[in-house]
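# Summary of the model geometry
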Amino acid sequence: MKKISVFLLCFFSGYINILTIFQYSYAISHFSGDFTKISKKLILGQFDISLLIICKLVFLFFLGASFIGYMNEHKERYGYLMIVYGAVIFILLQNKFTGNIFIDVLTFIMGSQNGLDIKLYNSSVRTTHMTGNLTELGIGIGRVLSGEKKLFSKAIFNFLEIIFYIIGGIIGIILYNFINIKSFYVFSIGYSILGVIYIKFKYDNNLT
């Protein structure tokens, strides 16, 4: 169940990231490309509104991760936070607060999720971006080919993280094309349900 929870977190990351790209033209699950944009804009002197927005989103992602870091001694509460996060998104949607504050909250949530200290295969698992997982997959496959067969299950795990992220993105595109901004409701409800699952299996199976 622990692995399934990780896969679902990856799914929701891919899902919400594609929705924010479609709705707001900004990715919020990872920022490597945005740091490149910041460098480019700074050197070219392009101190425009897009630079401010990118910097704000980077800071909010950082703030979310810092918040979870501060809560590290009470990380069993993250399931409850997921329920609250889902509820907040639902309330914002219901009251049509879908402008800047909406993507700000989503970015904070992604930073919070990625900062969660989930341990698998003797290492921390990050669930909002796939660059590290792709690297781990490559290293794992290389070591399996070199004879370390015991690492095959870890390589499969990293592969499935990427697949679930992609599936989340695909479903996000499909739903956005049909119901537009209402597709964010799927994230709010699904995230709260995952929070309930997290709470249950945290106690039963030591999820983190």
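So, here's what we can say about the structure. Each chain has its residues counted from 1, running along the sequence as written. Reporting of local features is limited, given that this is a predicted model, to residues whose pLDDT is at least 70; pairs of side-chain atoms are given and counted only at 80 or more, and all residues count toward the totals for whole chains, interfaces and linings. Heavy atoms from the whole structure form the basis of all side-chain values; hydrogens and water molecules are not counted.

### Focus: the overall build of the chain
Counted only if it meets this: Under the DSSP-based scheme used, a helix requires at least four consecutive residues in state H or I and a strand at least two consecutive residues in state E, with every element numbered from the N terminus. Taken over C-alpha atoms, the radius of gyration is set against a globule rule of 2.2 Å times the number of residues to the power 0.38. Relative accessibility under 20% of the residue-type maximum defines a buried residue, over 50% an exposed one, and the middle range a partly exposed one, all with a 1.4 Å probe and only protein chains included. Contact definition: two residues touch when any of their heavy atoms are within 4.5 Å. Here the open area of atoms and residues is found with the Shrake-Rupley method and a 1.4 Å probe, where only the protein chains shown may cover a residue. A positive count includes Lys and Arg, and a negative count includes Asp and Glu. His and the chain ends are not counted in either. Just so you know, the charge point we use is NZ for Lys, CZ for Arg, CG for Asp and CD for Glu.
Helix and strand counts for the chain come out as 8 helices and 2 strands. Going from N to C terminus, the chain has its helices and strands arranged as α-α-α-α-α-β-β-α-α-α. By the compact-globule yardstick of 17 Å for 208 residues, the chain fits well, its C-alpha radius of gyration being 18 Å. The dimensions of the chain, computed from C-alpha atoms along their principal axes, are 50 × 40 × 40 Å. By the burial criterion, 45% of the 208 residues in the chain qualify as buried. Long-range contacts, defined here as pairs at least 24 residues apart, represent 75% of the contacts in the chain between residues at least 6 apart. Just so you have it, the chain exposes about 10,800 Å², and 69% of that area is on carbon and sulfur atoms. In the chain, the 18 positive side-chain charges and the 10 negative ones have mean positions that sit 4 Å from each other.

### Thoughts on a nonpolar patch on the surface
Worth spelling out the cut-off: The patches reported here contain residues having more than 30% relative accessible area and no salt bridge. Joining distances are 9 Å for like charges and 5 Å for nonpolar side chains (Val, Leu, Ile, Met, Phe, Trp, Tyr). A carboxyl oxygen of Asp or Glu within 4 Å of a side-chain nitrogen of Lys or Arg is what we treat as a salt bridge.
A cluster of nonpolar residues, Ile-166, Ile-170, Ile-174, Phe-178 and Ile-179, forms a patch on the protein surface that exposes about 500 Å² of accessible area. Among the structural elements, Ile-179 can be located in helix H7 (residues 152-179).

### A look at the nonpolar core
Short version of the rule: Buried Ala, Val, Leu, Ile, Met, Phe, Trp, Tyr and Cys residues that are joined via side-chain atoms within 4.5 Å together make up what is termed a nonpolar core.
Counting residues in hydrophobic clusters, the biggest one holds 51 residues, and the most contacted among them are Ile-16, Tyr-78, Phe-102, Leu-106, Phe-184, Phe-187 and Tyr-191. When residues of this core are traced back to their parent elements, those giving at least two are helix H1 (2-24), helix H3 (49-70), helix H4 (78-94), helix H5 (100-115), strand E1 (118-120), H7 and helix H8 (184-205). Among the elements that line this core, the one with the most residues is H1, at 11 residues. Residues in contact with Tyr-191, not counting those within four places in the same chain, are Leu-9, Phe-12, Tyr-78, Met-82, Tyr-85, Ile-109 and Gln-113.

### Quick word on the packing of aromatic side chains
Quick reminder of the rule: Aromatic rings from Phe, Tyr and Trp, with only the six-membered ring used for Trp, were paired whenever their centres fell within 6.5 Å, and each pair was classed as stacked if the ring planes differed by under 30 degrees, edge-to-face if by over 60, and tilted otherwise.
Counted according to the given criterion, the structure contains 16 aromatic pairs. The interplanar angle of 75 degrees and the centroid separation of 6.5 Å between the aromatic rings of Tyr-78 and Tyr-85 together place this pair among those described as edge-to-face. The burial state of Tyr-78 is the same as that of Tyr-85; both residues are buried. Classification of Tyr-78 by relative accessible area gives buried; the value is 1%.

### Some points on the side chain of Thr-20
Position of Thr-20 relative to the elements: it lies in helix H1. When its relative accessible area of 0% is taken as the criterion, Thr-20 is described as buried. Once residues within four sequence positions are removed from consideration, Thr-20 is found in contact with Ser-25, Tyr-26, Ala-27, Ile-28, Ile-103, Leu-106 and Phe-184.

### What about the layout of surface pockets?
Let me state the cut-off plainly: Think of a 1 Å grid over just the protein atoms. A cavity is a set of points where a 1.4 Å probe fits yet cannot get out, a pocket is an open set with protein on both sides within 12 Å along at least five of seven lines, and lining residues have an atom within 4 Å of a point. Grid points are joined across faces, edges and corners, and a volume is the space filled by probe spheres set on the points.
In this model, the largest pocket occupies a volume close to 150 Å³. Around the largest pocket sit 13 residues that line it, and Ser-124, Val-125, Arg-126, Asn-133 and Glu-136 are the ones nearest its centre. If you list the elements that add at least two residues to the lining of the largest pocket, you get strand E2 (123-125), helix H6 (131-145) and H7. Per-element accounting of the lining of the largest pocket gives the leading share, 4 residues, to H7.

So, to be careful, I would describe these as geometric facts and stop short of saying anything about function.
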